[in-house]
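One letter stands for each residue in the lines below.
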Amino acid sequence: MATAAGGSSADNDTECSVCHELFKNPKLLPCAHVLCRHCLLSWLASNPEALCPLCRGAIADTKEKSRTKGWKEVVDALPDDVAMAALVESTRVLSQDHVCVGCKTAAVSICLNCNDMMCKSCGCQHTNFSATRHHKVEDLSSMTAEELAASQPDHCSVHTSKPCELFCPTHGAAICHLCASAKHRACPDLTELAEAADKSREELSQMVTSLLTEEQQLEEAVAALERHLEATEKVMQEAVAEIDMTCDKLENSVKECRRRLKEMTQDAKAKVKDTVLAVKVTLLDHRGRLTSHRRVADRTTRGTNNRGMCDVTRALRDRVKDILVTCGQRRADLKSVFMVTLTIDAAVVARIEKELSALGQVKVKPVSIGTRQQQDWRFHTNHGKNIVLSNDGLTAERVKGFYNGIVVADQPMVPDVLYEVQLDKVDTDVYAYLPCGVVLTDPDHLCLPDTAYNGWDWEAVVISKAVYNRGHKKDNNLNDATRNLPEGTRVGVMVTTKAELHLWVNGSDRGVIATTVPTPCFAFFDLYDRYTKASVLPPRHVD
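Anyway, here's the lowdown on the structure attached to this text. None of these values were measured; they are calculated from a predicted model. (Residues numbered from 1 in each chain as written. Predicted model: local features only at pLDDT ≥ 70, side-chain atom pairs only at ≥ 80, totals over all residues. Heavy atoms only, no water.)

Helix and strand content of the protein chain: 10 helices and 22 strands. In the protein chain, which comprises 543 residues, the proportion classed as buried is 33%. Long-range pairs, those at least 24 residues apart, make up 58% of the contacts in the protein chain with a sequence separation of at least 6. (Helix = DSSP H or I, 4+ residues; strand = E, 2+ residues; numbered from the N terminus. Buried < 20%, exposed > 50% of the residue type's maximum accessible area, 1.4 Å probe, protein only. Contact = heavy atoms within 4.5 Å.)

What follows is the structure in structure tokens.
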């Protein structure tokens, strides 16, 4: 394909991406791609939206066509890529058979002035002739198309036999002395072509430097986005794990509630069953006694004389009376039999459902992603209420009390960049640690506690000998790395491209204090108790 600035094509690619042949009359598009003039015209004729076939960038405004006679004038207004044209011609020359122009034997050299290939003998004669003794003859084996194109003589476009020695800034054209005396006599500031070329070379060099710098910054921005995506993936994995853990815990609680309610129901059922069975046994016993006495009375009525009937009646009278009273009492026991009822508090269920719906929220908010080209950082204006900033935010001092001294960086941390502060003022009569670490919340929206000891659930906090990562205490080998630090001590934190957080003291890496740290994150330091004043040090990249 054709060459493209900042694209994937090689800078010396001389093949048109449309016709796949060497460029003919190459035109430089606004997007810096190159196409043959006739290829560009045919492309625009079949694609009236006027977009580059390589990057879909605009070649020309369609309104521009309506202001002219057609695409021809639009294309002719585009600049010629003279460098590509010269490179194509040099490529064409070098691609020919290496045959001496004089004796038709194998050529070993080429004249840079007339592009003739010559054998060793003819080359010597070429440099001896008076007309060509000033020509430059070079070895063919080491000659490149770029070198041949750069060495071509500057001939006047009007007087083709005359060399260009002057440059007219007014018309932007290289001219010969005849043109200067004939057509450019009134043009001011004619300069030597070599001098103008030197200025152009310097300007082009500056362009290359600026474009390269910007290209590197864009590459770093893309890399930062890729790191951000990786960190986001890690955060999402942890979020999913936390969701599973929370839901499992809630599910276990619901299962336990179900088990407990069922157990209570079974216990109630057993109680009711025991009560009913006891009453039933009693009633069956009395029913048996009633049945026995009824049979005796019935048998006596049907098969006994008068005397016997009187005797039996006297014997049964008190018994039956007692039995009937007792049975009446047993029937009253039916009123004390239990029934199982279950009441589910609908209000509690509704409240739980409502709280579950608000259990967690996922928000997508704009953030600033750090790149390696960021400027020096400062303390954010959101700081502890006892902090006073000075020196344009580069110095922080706790002016009263022992608390409310937290300061936070004003920009996201850049991977592999160390963020340090220097302790400028220390109360030597007090013994304390210097809490520090990182937070994920943007300082604009961060609610600061009075000390980092109350912010231990932040992303990563070094407190005393302990390290807390999102509220969980982590094993570490810090020992007393931040205890009783004297004035002049440098303390810093750094997040690597592997999302590991390191603690640094006086230029020494004290090790990893947290892993899978998401981005963006912000460094913080707590000027607590012993430590009253600190200054920002310039960030530095650490390999």
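After that view, the rundown keeps rolling.
Backbone geometry places D416, a non-glycine residue, at a positive phi of 65°. Looking at the secondary structure, you find D416 in the loop between strand 11 (406-408) and strand 12 (417-426). Its relative accessible area of 14% is what places D416 among the buried residues. The residue A499 is not glycine, and still its phi comes out positive at about 65°. Within the fold, A499 resides in the loop between strand 17 (490-495) and strand 18 (501-505). What makes A499 buried here is its relative accessible area of 8%.

So, on to the pattern of salt bridges. In total, this model carries 18 salt bridges according to the counting rule given. Taking the shortest distance from any N to any O, the salt bridge between K27 and D80 comes out at 2.7 Å. Of the two residues, K27 is situated in strand 1 (residues 26-28) and D80 in the loop between helix 3 (71-77) and helix 4 (82-95); the sequence distance between them amounts to 53 residues. Overall, the relative accessible area of 5% leaves K27 in the buried class. Measuring nitrogen to oxygen at the nearest pair gives 2.6 Å for the salt bridge that ties E256 to R259. A residue pair is termed a helical-turn pair when its members lie 3 or 4 positions apart in one helix, as E256 and R259 do in helix 8 (residues 193-303) at three residues. (Salt bridge = Lys/Arg side-chain N within 4 Å of Asp/Glu carboxyl O.)

Before going further, it helps to spend a moment on the nonpolar core. Of all hydrophobic cores here, the largest spans 34 residues; its most connected members are W377, M413, V493, L501, L503 and F525. At the level of elements, strand 12, strand 13 (436-439), strand 17, strand 18, strand 19 (508-514), strand 20 (522-526) and strand 21 (531-536) are the ones that each hand at least two residues to this core. Considering every element that reaches this core, the biggest residue donor is strand 12, with five residues. In contact with V493, not counting residues within four places along its chain, are M413, V417, L418, Y419, C436, G437, V438, L501, H502, L503, A523 and F525. Core analysis: the next-biggest nonpolar cluster, separate from the first, contains 31 residues, L40, A107, M117 and L140 among them. (Core = buried A, V, L, I, M, F, W, Y, C linked by side-chain atoms within 4.5 Å.)

Let us now look at the side chain of D529. With respect to the helices and strands, the residue D529 is situated in the loop between strand 20 and strand 21. Filtering out sequence-adjacent residues up to four positions away, D529 remains in contact with R398, F402, V430, Y431 and A432.

Between its first and last C-alpha atoms helix 9 (residues 306-332) spans 37 Å; for 27 residues at 1.5 Å apiece the expected length is 39 Å, and the two agree. Helix geometry: helix 9 is bent most strongly at L316, by close to 35°. Where helix 9 is concerned, the buried positions are G308, L316, I323 and C327. As for helix 9, its buried residues are in contact with helix 8. (Expected span 1.5 Å × (residues − 1). Bend = angle between axes of the 7 residues up to and from the residue.)

Here the focus is empty space enclosed by the protein. The final tally for this structure, using the stated rule, is two cavities of 30 Å³ or more. The space that makes up the largest cavity amounts to roughly 100 Å³. R227, E230, A231, K234, P415, V495, T496, T497, A499, V517 and T519 are the residues that line the largest cavity. With four residues, helix 8 is the largest single contributor of residues to the lining of the largest cavity. Looking at the lining of the largest cavity residue by residue, the classes come out as five nonpolar, three polar and three charged. (1 Å grid on protein atoms, 1.4 Å probe; cavity = no way out; pocket = protein on both sides within 12 Å on 5 of 7 lines; lining within 4 Å. Points joined across faces, edges and corners; volume = space filled by probe spheres on them. Nonpolar A, V, L, I, M, F, W, Y, C, P; charged D, E, K, R; others polar.)

Right, let's get into the environment of L166. Looking at where L166 falls in the secondary structure, it is placed in strand 6 (residues 166-168). Among the residues examined, L166 registers a relative accessible area of 11% and is labelled buried. In this structure, the C-alpha to C-alpha distance between L166 and L190, residues 24 residues apart in sequence, is 6.6 Å. Not counting the four nearest positions on each side in its chain, L166 is found in contact with A173, A174, I175, H177, A180, T191, E192 and L193.

Let's shift gears to a nonpolar patch on the surface. Together, L250, I352, L356 and L359 line one region of the surface with nonpolar side chains, adding up to about 340 Å² of accessible area. Take L359: it is sitting in the loop between helix 10 (346-357) and strand 9 (387-390). (Patch = residues over 30% accessible without salt bridge, like charges linked within 9 Å, V, L, I, M, F, W, Y side chains within 5 Å. Areas by Shrake-Rupley, 256 points an atom, 1.4 Å probe, with all protein chains shown as cover.)

The next thing to look at is the sheet that holds strand 8 (residues 191-192). The strand order 7-6-8 describes an open sheet built from three strands, whose pairing is antiparallel. Looking at strand neighbours, the two that pair on one side only are strand 7 (173-175) and strand 8, the edges of this open sheet. Across three bridges, strand 6 lies against strand 7 in antiparallel orientation. The residue bridging C168 from the neighbouring strand is A173, located in strand 7. (Pairing = 2+ DSSP bridges.)

Right, let's get into the sheet that holds strand 5 (residues 137-139). Read from one edge of the open sheet, three strands run 4-3-5, paired in antiparallel fashion. Across the chains shown, the open sheet's two edge strands, defined by having one partner strand only, are strand 4 (117-118) and strand 5. By the bridge criterion, two bridges tie strand 3 (residues 109-111) to strand 4 in an arrangement that is antiparallel. Within strand 4, the position partnered with S109 by the bridge is M118.

With that settled, the discussion passes to the environment of H134. Mapped onto the fold, H134 is located in the loop between helix 5 (120-128) and strand 5. Here H134 falls in the exposed class, since its relative accessible area comes to 72%. Considering only alpha carbons, one finds H134 and N113, 21 residues apart in sequence, at a separation of 9.2 Å.

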